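# Structure at a glance
Letter by letter, the chains look like this.
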Amino acid sequence: MNSLLLNRIEIDWERIDPDSYLRGIEALAGVSEITLHKPVTFFVGENGSGKSTLLEAIAIASGFNPEGGTRNYSFSTYDSHSELHEAIRLSRGIRHAENGYFLRMETFYNVATKEEEYARGPGGRPQHYHEKSHGESLLALVQNQFWGQSLYLLDEPEAALSPQRQLTMLVEIDRCVKEGAQFLIVTHAPILLGYPDAEILSFDGGTIHPITYEETDSYQVTEMFLNHRRQILHRLLDENE
């Protein structure tokens, strides 16, 4: 029996406007169902392939604020989310998610500001995220607010993290998973993608399909660059002269 907090994502395209740009996203168009198999699932693919669009829709359908935060957050600085969440139906497991967080780095400043405001209330403990670096505040949030039996949706968390801090992030993800949490993560980071036994779903090639770690562009391009840095730079930069 699947013991995940979130088992399946279904999309009813009849609820999407015929002229919606969503129908032009090749990887998403025509997808009616995505089944999840692991407590950590990565969405990978080229820019514009639909990864963040789908993650955002899942987050909103799960009750999270479109700009990020917990399910208790209610604020908006700019309404940019798509209608996809209206067509999504989520199939949950036998375990109930006690908590969760939607983290998107493009709006993290706004979320950190709201964190400070909410923490000033009764029983709150301000973390002073704006007094820390971007990466330090992100890790502090994860270490203070992420725990087991919860659903976490992360959109490119590596944007704030050095390679060393990405390793720390892996440790925190593993801590939560061992306590019963589930993660859906959009990333281009080969370090994060290395999390053991994770499911990796590629949005490239016109379909959403599982691939191995070694098949990701993030791994292949990084490996090629590290092993042939001089030749690649010579070819790229000479061609621009």
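You'll find the structure just up there.
Summarised in this report is the structure supplied together with it. Keep in mind the model is a prediction, meaning the values are calculated, not measured.

On to a nonpolar patch on the surface. Taken together, the side chains of Phe-225, Leu-226, Leu-233, Leu-236 and Leu-237 make up a nonpolar region of the molecular surface, amounting to roughly 470 Å² of accessible area. Counting residues per element, the nonpolar patch draws most heavily on helix α7 (residues 229-239), at three residues. Looking at where Leu-236 falls in the secondary structure, it is placed in helix α7.

Right, let's talk about the pattern of salt bridges for a bit. Going through the model one piece at a time under the given rule, you end up with eight salt bridges. Residues Glu-172 and Arg-175 are paired through a salt bridge, measuring 2.8 Å at the closest nitrogen-oxygen approach. Residue Glu-172 and its partner Arg-175 are located together in helix α4 (residues 163-178), separated by three residues, close to a single helical turn. The exposure class assigned to Glu-172 is buried, which follows from its relative accessible area of 11%. The exposure class assigned to Arg-175 is partly exposed, which follows from its relative accessible area of 26%. Overlapping salt bridges, with partners in common, bring together Arg-8, Glu-10, Glu-33 and Arg-89 in one network.

Before going further, it helps to spend a moment on the sheet that holds strand β2 (residues 33-35). Ordered in space as β2-β1-β4, the three strands form an open sheet in which the pairing is antiparallel. Looking at strand neighbours, the two that pair on one side only are β2 and β4 (88-92), the edges of this open sheet. Direction aside, neighbouring strands of the sheet carry axes that sit 15 degrees apart on average. Both strand β1 (residues 6-11) and β4 contribute to a ladder of five bridges, which runs antiparallel. Directly across from Ile-11, in β4, lies its bridge partner Ile-88. Strands in contact with helix α1 (residues 51-61) are β1, β2 and β4; relative to β4, the strand with the most contacts, it is inclined by about 70 degrees.

With mixed pairing, six strands are arranged side by side in an open sheet as β5-β6-β7-β3-β8-β9. Taken across any chain shown, the strands that pair with only one partner, and hence form the sheet edges, are β5 (99-104) and β9 (209-211). The average angle at which neighbouring strand axes cross in this sheet is 20 degrees, direction not considered. Where β5 lies against strand β6 (residues 150-155), six bridges are found, and the strand directions are parallel. Opposite Gly-100, over in β6, you have Leu-151 as the bridge partner. Set on the sheet, α1 makes contact with β3 (40-44), β5, β6 and β7 (182-186); between it and β6 the angle comes to about 150 degrees.

Here we take up the nonpolar core. Counting residues in each nonpolar core, the largest one holds 34 residues, and the members touching the most others are Leu-54 and Ile-58. Put simply, the parts of the chain that give this core at least two residues each are β1, α1, β4, β6 and β7. The biggest single contributor to this core is α1, with five residues. Apart from residues lying up to four places away in sequence, Ile-58 is in contact with Leu-6, Ile-9, Phe-43, Ile-88, Leu-90, Leu-153 and Leu-184. Ranked by size, the runner-up nonpolar core spans 29 residues in total, among them Phe-42, Val-142, Ala-181 and Tyr-195.

Below, the discussion takes up unusual backbone geometry. Even without being a glycine, Gln-149 presents a positive backbone phi close to 55 degrees. With respect to the element layout, Gln-149 can be found in the loop between α3 (134-145) and β6. Even without glycine at this site, Asp-197 takes up a positive phi of about 65 degrees. The topology assignment puts Asp-197 in the loop between α5 (190-193) and β8 (199-202).

Of note, Ile-25 is situated in the loop between β1 and β2. With relative accessibility at 11%, the residue Ile-25 sits in the buried group. Sequence-wise, Ile-25 and Ser-49 are 24 residues apart; in three dimensions their C-alpha atoms are separated by 6.6 Å. For Ile-25, the contacting residues outside a window of four places in its chain are Ser-49, Gly-50 and Thr-53.

About the thresholds
Residues numbered from 1 in each chain as written. Predicted model: local features only at pLDDT ≥ 70, side-chain atom pairs only at ≥ 80, totals over all residues. Heavy atoms only, no water. Patch = residues over 30% accessible without salt bridge, like charges linked within 9 Å, V, L, I, M, F, W, Y side chains within 5 Å. Areas by Shrake-Rupley, 256 points an atom, 1.4 Å probe, with all protein chains shown as cover. Salt bridge = Lys/Arg side-chain N within 4 Å of Asp/Glu carboxyl O. Helix = DSSP H or I, 4+ residues; strand = E, 2+ residues; numbered from the N terminus. Buried < 20%, exposed > 50% of the residue type's maximum accessible area, 1.4 Å probe, protein only. Pairing = 2+ DSSP bridges. Axes fitted to C-alpha atoms, helices over the stretch in contact; angles between N-to-C directions. Contact = heavy atoms within 4.5 Å. Core = buried A, V, L, I, M, F, W, Y, C linked by side-chain atoms within 4.5 Å.

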